[in-house]
Amino acid sequence: MKNWLSLFVGSIVFSGFAYADPESDRIAFKTFFEKRFPNIEIGEHKDGAYALDAAKREQWLEMEDFPPYEIAVDEGEAMFSTLFANGNTYADCFVNGGIGIKQNYPFFDTNRSEVITLEMAVNDCRTSNGEAALDYASEAMGNVTAYMAFTSRGNTFDIKVPDAGLSAYEKGKQFFYERRGQLDFACSSCHLDSGGNMLRAEILSASIGHATHWPTYRFKWEAIGSLHKRFAGCNAQVGAEGLPQQSESYRNLEYFLTYMNNGMELNGPASRK
Amino acid sequence: MLKFLTVVMCFMMLSACSESDKKTESADMSIAVDSAMVDADALAAKSVEEIILDAELVYRQAKEMEHAWTVTSKHIAMARKLLSEGHKDDALVSAERALMTAEASLAQAKRENIAWRDRALKSS
């Protein structure tokens with residue numbers, strides 16, 4: 001009897017170490033940024049740092065008159081429409097023919113027990129139709145996901161975290177808050193604690209809205225690139241070795257970040273410095 | 001009764017240990033760096049090659065935890081290059097730097113595996 005009582009009390013007192021409720025996390029996240037930027041509607045953070053500075057926003061909007069990602073979208077559409085060797089297309093792999101579906105990604109696949117991103121789904125589609133998988137860092141992957149993002153503009157994220165996905169979500173959350181690299185920075189160091197502050201000549205964007213606008217044409221890259229490419233770049237900037245694109249940790253991080261963006265409008269592909 | 005009190009006290013101790021502020025985090029980092037400072041006497045007894053091998057071992061451990069630092073692999077590569085060119089003294093400097101940064105990155109990985117929770121936003 002005494003043993004059972006100890007176990008019962010122990011389970012209660014240690015319940016603080018159980019997985020957090022993602023929705024509570026999201027509300028806390030949203031509330032933080034509402035307080036941090038009281039004059040900016042949460043939805044505006046989909047434009048990143050350009051939501052935080054009027055002059056930079058004006059310059060950015062001028063660039064958007066001739067979007068640098070247009071070519072990627074056109075080439076992606078051509079890829080999307082091209083038949084595989086077996087006569088199928090990408091449309092045969094996705095709901096709604098793959099049009100307007102990016103808000104469903106990433107999701108936790110309970111059969112495979114892992115987070116599936118849009119890029120992984122594209123490659124799953126290719127390999128299941130006898131085509132070679134695309135390199136996740138390739139221009140081709142950037143192009144086809146740019147097109148799929150473009151067709152999803154205006155839709156809102158509604159990511160789910162089933163019980164089986166809580167571990168992946170929690171690992172993504174850990175990655176976000178974990179310090180790494182010689183500079184000992186976490187994602188949260190810059191994009192939560194210091195969001196809106198200057199880092200050298202740039203304004204640090206807020207984490208809320210970070211998942212809405214990918215893939216992105218970055219002028220620094222002179223190419224369109226994925227969110228995971230940006231993760232690796234950020235890691236390198238703080239002195240940490242980046243991970244391969246579509247590694248489990250980056251997929252978990254994307255899962256967490258995208259959940260934090262639930263209710264926000266997709267606006268990819270986008271351009272950034 | 002004794003077991004119940006033990007469980008409660010363990011919880012209270014763990015709660016106290018988990019409370020941290022930026023000063024504590026800074027202190028933790030100092031401790032991590034201090035612990036990474038290699039024993040000079042122990043190092044002196046080792047060859048440059050042995051120090052490089054130690055650094056590579058710790059680097060792989062940090063990499064396994066996805067916390068390797070970019071500077072560590074650079075120091076390792078530089079140490080090997082200098083050693084192969086016969087610049088033993090310079091190779092020793094790079095090897096020691098490689099080992100120090102490798103140990104600091106591993107200490108960071110172990111610390112952060114728990115410390116991140118204190119940083120996470122809490123729901124009200």
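Going along each chain's sequence as written, the residues are numbered from 1 onward. Key to labels: chains lettered from A, ligands numbered from 1, both in the order written. At least 70 in pLDDT is required for a residue's local features to be given in this predicted model, at least 80 for side-chain atom pairs to be given and counted, and no such filter applies to totals for whole chains, interfaces and linings, which use all residues. Computation of side-chain values covers all heavy atoms of the structure but excludes hydrogens and water.

1. Regarding the confidence of the model for chain B
All names here are of chain B.
Move 1: In the predicted model, chain B carries a mean pLDDT of 80, and the fraction of residues at 70 or more is 63%.
Move 2: pLDDT runs from 0 to 100 and stands for how confident the predictor is about each residue. Any two residues having at least one pair of non-hydrogen atoms within 4.5 Å are treated as being in contact. In this model, residues 15-36 is a region of pLDDT below 50 whose contacts with residues beyond four sequence positions or in other chains number 16 contacts.
Move 3: We note a pTM of 0.85 for the whole complex and an ipTM of 0.88 for its interfaces.

2. A closer look at the nonpolar core
All names here are of chain A.
Move 1: Formed by 38 residues in total, the largest nonpolar core has its most connected members in Phe29, Phe33, Tyr177, Tyr255 and Phe256.
Move 2: Helix and strand assignments follow DSSP, with helices taken as H or I runs no shorter than four residues and strands as E runs no shorter than two, numbered in order from the N terminus. Where this core is concerned, the elements lending two or more residues are helix H2 (22-36), helix H7 (166-177), helix H9 (227-237) and helix H10 (248-260).
Move 3: In terms of residue count, the dominant contributor to this core is H10 (seven residues).
Move 4: In this structure phenylalanine 33 touches Ile42, His191, Leu192, Ala206, Ser207 and Ile208, once residues within four positions along its chain are discounted.
Move 5: In terms of nonpolar packing, the next biggest core, distinct from the first, is built from 24 residues, Phe94, Leu118, Ala121 and Met141 among them. Side-chain atoms within 4.5 Å link the members of a nonpolar core, which is a set of buried Ala, Val, Leu, Ile, Met, Phe, Trp, Tyr and Cys residues. The rule is simple: take the accessible area with a 1.4 Å probe, protein chains only, and divide by the maximum for that residue type; under 20% is buried, over 50% is exposed, in between is partly exposed.

3. Quick word on the environment of A:Ser128
Residue and element names in this part refer to chain A.
Move 1: Looking at the secondary structure, you find serine 128 in helix H5 (residues 118-128).
Move 2: Owing to a relative accessible area of 55%, serine 128 belongs among the exposed residues under this scheme.
Move 3: For the pair serine 128 and cysteine 93, spaced 35 residues apart in the sequence, the C-alpha separation amounts to 9.0 Å.
Move 4: Residues adjacent in sequence count toward polar contacts only when both atoms are side-chain atoms; beyond that, a polar contact is any pair of N or O atoms within 3.5 Å, and within protein one must be able to donate a hydrogen and the other to accept it. Polar contacts involving the side chain of serine 128 include one to the main-chain carbonyl oxygen of cysteine 125, which spans 3.0 Å.

4. A word on the state of the cysteines
Residues and elements named next belong to chain A.
Move 1: The rule for a disulfide is simple: a pair of cysteine sulfur atoms within 2.5 Å. Taken as a whole and judged by the stated rule, the model has one disulfide over all chains.
Move 2: Disulfide partner of cysteine 93: cysteine 125, at an S-S distance of 2.0 Å. One disulfide, between cysteine 93 and cysteine 125, carries an S-S torsion of 75° and so falls in the right-handed class. Here the residue cysteine 93 occupies a position in the loop between helix H4 (70-81) and strand S1 (107-109), and cysteine 125 occupies one in helix H5, the gap between them amounting to 32 residues.
Move 3: Among the residues examined, cysteine 125 registers a relative accessible area of 2% and is labelled buried.
Move 4: With no disulfide of its own, cysteine 187 lies 7.1 Å from the sulfur of cysteine 234, the closest cysteine sulfur.
Move 5: Residue classification places cysteine 187 among the partly exposed residues on the basis of a relative accessible area of 22%.
Move 6: Unpaired in this structure, cysteine 190 has its nearest cysteine sulfur neighbour in cysteine 234, at a distance of 7.6 Å.

5. Observations concerning unusual backbone geometry
Residue and element names in this part refer to chain A.
Move 1: Of the consecutive residues tyrosine 105 and proline 106, the connecting peptide bond is found in the cis state with omega at 0°.
Move 2: For proline 106, the location among the structural elements is in the loop between H4 and S1.
Move 3: Here the bond from tryptophan 214 into proline 215 is cis, since omega is -5°, no more than 30 degrees from zero.
Move 4: Here the phi dihedral of aspartate 184 falls at roughly 60°; this positive angle occurs in a residue that is not glycine.
Move 5: The topology assignment puts aspartate 184 in the loop between H7 and helix H8 (187-191).
Move 6: Phi angles above zero are rare outside glycine, and glutamate 222 is one such case at about 55°.
Move 7: Mapping glutamate 222 onto the fold places it in the loop between strand S5 (216-218) and strand S6 (223-225).
Move 8: For glutamate 222, a relative accessible area of 64% puts it in the exposed group.

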